[in-house]
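Structural characterization, general
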Amino acid sequence: MTTEQSSFPIPASLQDLEREPYNLSPYPHDFDDDDEAARADSFDRLVDGIEQGNKNLLSQGMIVFQITTAYEGYDENWNGNERIQALYTLVRKSTSLAPATRWRLIRALCQAVKLMSSLLADENDDCEEDMLPEDEHSFPTGESSQPSQQSSSTSNKTSRIVSQQFRDAFACHLYMLFSAMFIMESEAKIGAGMKQSRSRSDQEGDEAVQMRAACADAMLRAAQSMSQNRNKLWKRGVADESVVVLPCRIAYQMLESATGVLARKAASGDAALGMIAATVDSSEVSLMGTILAALMDMLHSYEHMATLCAELCCMVSEKPTNRLAVDLIREIGRLDTHGHVAENSRASGIKFVAPFIHELAARRPRIVLANVSHLLPHLDSEPYCLRSAIVTALGAIVENIGRSLQPDQQTESENSQESAPEDSATSRENLEKSRSALLDILEARSHDVSSYTRSAVLKTWISLTQSGTLPVERVIPCTVLAIDRLQDKTVMARKQALQLLTTMLENNPFMGDLDPEPYRRKLSEMYNYVKSNLPEDLKEAHEAALKEAKENDQPEETLLELENATLAAAIAEADSMDGTDQLNPKDQEYKAKVEALKFAQAALEFIDQYEDASANLHGMLLSANASDVTEALRFFVKARHFKLPCAITGMKQALSLMWSTEQNIRDEVLKAFVDVFIAKPGTDGEECLPHDQIAYNLLMLSDQSTTSELASIEEAIGSLVKSGRIPAEVFSILWSAAAKGGSGISPAVAIHILAMAASADRSIVDSKSRLKTLLDVALGDATEERRDWKMASAASVALQCVARAEVDQTCAKYLVLERIIEQLCAVTRGDWCIDNNERDTLEWFSAAEQALGALFVVSPQPEVSCADIIRGMHMQTFSATECHPLRLARFFHVLGHIALKLLVYTEALSGTVRRATAKKTLQKQIEADKAKNSKESKTAAAEEDQIEAELGMAAEAEAENERKVADIAEKEIVGRGLLSIYGPLLARVVAQEGETSGSDVLMQTSTLALCKFMCVSSSFCEKHLPVIFTALSNAPQSHVVLRANTVIALGDLAFRFPNEVEPYTPRIYACLRDSSTIVRRHTLMVLTHLILNDMVKVKGQICEIVVCLRDKDHRIRDTSRLLFHELSKRSNNPVYNLLPDIVSQLSQISMAKDDFRNIMSFLLGYIKKERQNEMLIEKLCQRIPKCTSVGQKADIAYCMAQLKANDRSIKHLIDNFKLYKDDLYDEDFKRQFSSIISKTKKFAKPELKQALEEWETKLNEQAESSAENNRAGEKAARSKAKASKRGARRKPKQIDTIAEGSDDETEYSETEKENAPSQKQRSTRRSRRNEFTEVAVA
């Protein structure tokens, strides 16, 4: 049999058809292109010929490829030169064809390809109806009757190989379709970057999409036909790769455009994937390598290809194995990731490849598991995206294994493998081992160097937990891992850690309630049972060991270890027992109890992990990042639903965020408050709890709360009351709780909550019945008998929300308020206090302050009530022969607070008058404006003059009013009023003139009262400031509270009268050196507020605050950091101006080198401007010669190294080399300049780099020279020291010799004279030296 040669080998390009062996022309010889109309008619005739050929193919089938004579206008076979020439011309000029003509060409070409694919598959009978065209060129149904019979008669010969003519025609039409699609894809890419009108582009786009879809469908049909019938198409099934690869070649281009859902549909992405899958299923090894290389190249080039390739791997045949997926995994395993960071294109390629791994693992986890050994080495590679993708893929594999090991899945697998139970058990064991190994890898990767990978690992653990595939034994380790990641330095890792902890709570394997108390009781019960029912051998061994330990007087820790060891042995023995069906009832019960014991132990361990992490969780609420705060709030909401003990404290701390400046954080806090205390769990705040439950939650929240927590709770409740989130029935229940008590919580708490709500809605308290309840319950006889100052204080807070009483003896509400005012006066006077009970007086202080505040709100004449209180307390205090210190302390406390309240009351009255005057003035101004627009000019002018005169008088009256108020505050309140009588007494007590009482409470209250008096009047303040500072400096070390309170009061005085306090500012700074941490913290807080509000100048003693940056107390360090951080935000950046003084002052005090450098590193971090960096470097360089030690010079050099040097800074350092060259022998000093050079080289220009290299060489040479000089100097100093020591030893010997007698002295002198040179010899030597010197000079 002769070998037939193909007459249509696939060309390299479409233009190659004009060369050998094709020899086609651009146009047929009879093509008419005289004008556009003739050209269009010629193109239509060519398309007609193509369509006529399709009709012949449809009617005659395979026979057309066996006819060699001319028919139907063709001089050769069906795929003769004329048809090929027509196809070539039409495809080559397809872009210039009319849209209708192009559509006909595409349909004809697709029809031909589909017909030949159908003939190849012997499916003519099924496909003829589908192949018929839908336009006006439909064939008559009768034409195909006889050829169909002939075709069907030959269809049974399935083993016969098609003719060479068919192969050539199939290759020709397939290539022409490929070329047409290639041109369309090119047009689509070009059109995507061109701007067209929207209507036109939409119309053309729809036509292009339809044509691309038709071509893709035909190409897919051809690819599938070649895959299924390769033995019929080629001899021995050896395919022509140039033909087989055509669908893949065009599919690659189609997939390049499938970037999204819409683009994928427009580009027929699904058909493109089908082409590649069909080719892969039938390809040989060589072609498979080509496809693999193309896919890898596309994976590196296009971000969207990862998902498409994963889908492609799912479409190919998996019998016996998925060759494409396995080969892609191996290729990824061979990737060279070294140095990818330096190559941007390479880095982006790996970034695009990485998602394919987890996409494939999500779809085919078993394939990835079987080939995971190729991927695991990349966990140590540089690209974090590759590591992240691998850990995500491992999570998908573990999730799949977990599902297959679940009981329902296990039952199905056992039913399907009943014939091989041993294989099933082995498979399960292997899966468990694989899962355990993969989970170990995930746990290790949680400490990856990249935060993105750490975050991906935590997301994987979250997914495993949510899917229920996390093994029970991994719950505790996973919780520990999440808690550890709470301290991660990156926000996203912390966020994922918090989400993992929240997910662990939601999917915990224990009961829904995680309150530890039931578990502890259960554990104790089970432990006692197991201990009393131990097996005999364990019981005897335990008793023997316990007896021996007691005889040897072992500590409690040893006995506890014995108990734990015995318990562990009992658990191990219970685990080793056979199935429960084979045990007797007693053993079954024992094993059940042991299991319950293990369950309770695990639950308590799980709860303890969260409790131990409460500090970290609370710290997340204080984070500067909003994401940390939000996630922490959501965690505490879930924790509260599961009744974790840390939830209450966490929510209390979270409420402090109500004062945040960010609205989204405040909204999140309110949402959390509603979810925890008001709404039902899981309803997202839409459905409320029962009203009594809400009231109980609020009572529990407020009980045992600190003052700051209560303030935050009040802010939250007020916001919720304004928005109507708290039902009104809740407040009725709280009123009942306040009146009747019960529930184990003080009624004062209920009244306090009502006061919080009344701050937003006054009607909750301001009614006759509510006021009567307050009078009877909170200020009545029961409160007096119990001396319940908390109740009185809560009632006073609630009364501060009531409107001021109007005198009306006929009004029931006024009568109630009048009685309330009397009780408030009694509380303020301390009528119920016991003098000998200091604790009673301390609790009274807060109640008296709140009662005075309520008096100034509800009393119609508060100054009269205050005068009555002062007179009454005066009589109580000084009526006896001896004044009790606590009674005097109460009196002073009330005096000081009344002084402040009168000042506030006076200013409030002045503000009310000012607002009324302003309103009246505004009305007159409006009238004046109207008068200007009036037509009656004379009358209008007169009225205008009158109004202006009145406005001027009003302004004068307002100024006079303000002057009178200032005069009242300055002279009347503490100068000439009732309070002025007690000013000298306060000053004497504070100055401790005469006998001292020895009462700390009295000293504190008297000092604070004097400070409050000073806040009222500037003259009084200036007069008594020396008294306060003297008392502060003379206060004993044990009086920490006194010093701390005095510092805070001085801060208030500095706000009120800054000029008077300014001379004493250094004495306030001196408190930063106090031995007490509390005093230092309060002083720093006061100075921070004064400095940030521009009440105190920063210069001068700033070094005192700088030293606080290294204080032992972390709160002091944080406050000082906050101060400098806020200063750096100002436009003039005071930190820059302060740095020279800071360096100078720090150099003069003894400070460790590390402390100095840490402080300066922190402060220099705020120098951002280039000019400031430059100036600081110059100033610091000039300071080096003034330093007294090499260590100080090294510190200065360290400061310069922390700054960012520019060209001018480097030039200045080089020009002033002489200032520091002599000290370069010191390694630390030289190291700082080397650091400057290395940092500057990173961004330096070539000319600057050259200067840096020269400077570096100069530094090294000078360092060596200086080191030699230093060694020589040290050697000379040591020699000099030794010589001085020898001279010191010789001198005492000479003195002893002289003291022996005059004869020896005379003898010594004579001998010395004999040995000494003569006068002549000395003069001769001197003259020689002079001559030598003259010669040398010459």
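Keep in mind that this is a model prediction, so the values were computed, not measured.

1. Observations regarding the overall build of the protein chain
For the protein chain, the count of helices and strands is 61 helices and 0 strands. Taking all 1338 residues of the protein chain together, the buried fraction comes to 45%. Within the protein chain, counting contacts between residues at least 6 apart in sequence, those at least 24 apart form 72% of the total. Total accessible area on the protein chain is roughly 68,400 Å²; 50% of this is exposed by carbon and sulfur atoms.

2. A look at the pattern of salt bridges
Following the criterion strictly, the structure yields 63 salt bridges and no others. Among the salt bridges present, the one from Arg454 reaches Asp488, with a minimum N-O distance of 2.6 Å. Of the two residues, Arg454 sits in helix H21 (residues 451–467) while Asp488 sits in the loop between helix H22 (475–485) and helix H23 (491–506), which places them 34 residues apart along the sequence. The class of Asp488 is buried, set by a relative accessible area of 5%. Arg1130 is the salt-bridge partner of Asp1094, the closest N and O atoms lying 2.9 Å from each other.

3. Regarding H23
Taking 1.5 Å per residue as the helical rise, H23 with its 16 residues ought to reach 22 Å, and the 23 Å between its terminal C-alpha atoms agrees with that figure. Of all the residues in H23, the buried ones are Ala493, Arg494, Gln496, Ala497, Leu498, Leu500, Leu501, Thr502, Thr503, Met504 and Leu505. The secondary structure elements touched by the buried residues of H23 are H21, H22, helix H27 (585–612), helix H28 (614–621) and helix H29 (626–641).

4. Observations regarding the confidence of the model for the protein chain
This prediction gives the protein chain a mean pLDDT of 82; 86% of its residues lie at or above 70. Across the protein chain, element-level confidence peaks in H21 with a mean pLDDT of 95 and bottoms out in helix H5 (residues 145–154) with 35. Confidence drops under a pLDDT of 50 for residues 123–158, and excluding neighbours within four residues, the segment shows 38 contacts in the predicted structure. Counting contacts from residues 1297–1338, a segment whose pLDDT is below 50, to residues more than four positions away or on other chains yields 1 contact.

5. Details of the side chain of His173
Tracing the backbone through its elements, the reader meets His173 in helix H6 (residues 164–192). For His173, a relative accessible area of 0% translates into the label buried. Here Ala169 takes part through its backbone oxygen, which lies 2.9 Å from a polar atom of the side chain of His173.

6. Observations regarding a negative patch on the surface
Among the surface-exposed residues, Asp33, Asp34, Asp35, Glu36 and Asp41 lie close enough to one another that they form a single negatively charged patch. If you trace the backbone, Asp41 turns up in helix H1 (residues 36–60).

7. A short note on the packing of helix H53 (residues 1134–1148) against helix H54 (residues 1153–1164)
Between H53 and H54, the least distance of the axes is 11 Å, while the angle of their chain directions is 170°. Here H53 lies roughly antiparallel to H54, going by the angle between them. Where H53 abuts H54, its residues Val1135, Leu1139, Ile1142, Val1143 and Leu1146 lie against Phe1156, Ile1159, Met1160, Leu1163 and Leu1164. Class assignment of the residues belonging to the contact of H53 with H54 gives a composition of 10 nonpolar, no polar and no charged.

8. Overview of the nonpolar core
Core analysis: the largest hydrophobic core is formed by 375 residues, its most contacted members being Phe1124, Tyr1220, Phe1233 and Trp1255. Top contributing element to this core by residue count: H6, with 14 residues. Here Phe1233 is in contact with Ile1184, Ala1197, Met1200, Tyr1220, Leu1224, Trp1255 and Leu1259, once residues within four sequence places are set aside. Met577, Tyr590, Val594 and Leu597 belong to the second-largest nonpolar core, a separate cluster that totals 13 residues.

Basis of the calculations
Residues numbered from 1 in each chain as written. Predicted model: local features only at pLDDT ≥ 70, side-chain atom pairs only at ≥ 80, totals over all residues. Heavy atoms only, no water. Helix = DSSP H or I, 4+ residues; strand = E, 2+ residues; numbered from the N terminus. Buried < 20%, exposed > 50% of the residue type's maximum accessible area, 1.4 Å probe, protein only. Contact = heavy atoms within 4.5 Å. Areas by Shrake-Rupley, 256 points an atom, 1.4 Å probe, with all protein chains shown as cover. Salt bridge = Lys/Arg side-chain N within 4 Å of Asp/Glu carboxyl O. Expected span 1.5 Å × (residues − 1). pLDDT = per-residue confidence, 0-100. Polar contact = N/O pair within 3.5 Å; in protein donor to acceptor, adjacent residues only side chain to side chain. Patch = residues over 30% accessible without salt bridge, like charges linked within 9 Å, V, L, I, M, F, W, Y side chains within 5 Å. Lys, Arg positive; Asp, Glu negative; His and termini not counted. Charge placed at Lys NZ, Arg CZ, Asp CG, Glu CD. Axes fitted to C-alpha atoms, helices over the stretch in contact; angles between N-to-C directions. Parallel < 35°, antiparallel > 145°, perpendicular 65-115°, else oblique. Nonpolar A, V, L, I, M, F, W, Y, C, P; charged D, E, K, R; others polar. Core = buried A, V, L, I, M, F, W, Y, C linked by side-chain atoms within 4.5 Å.

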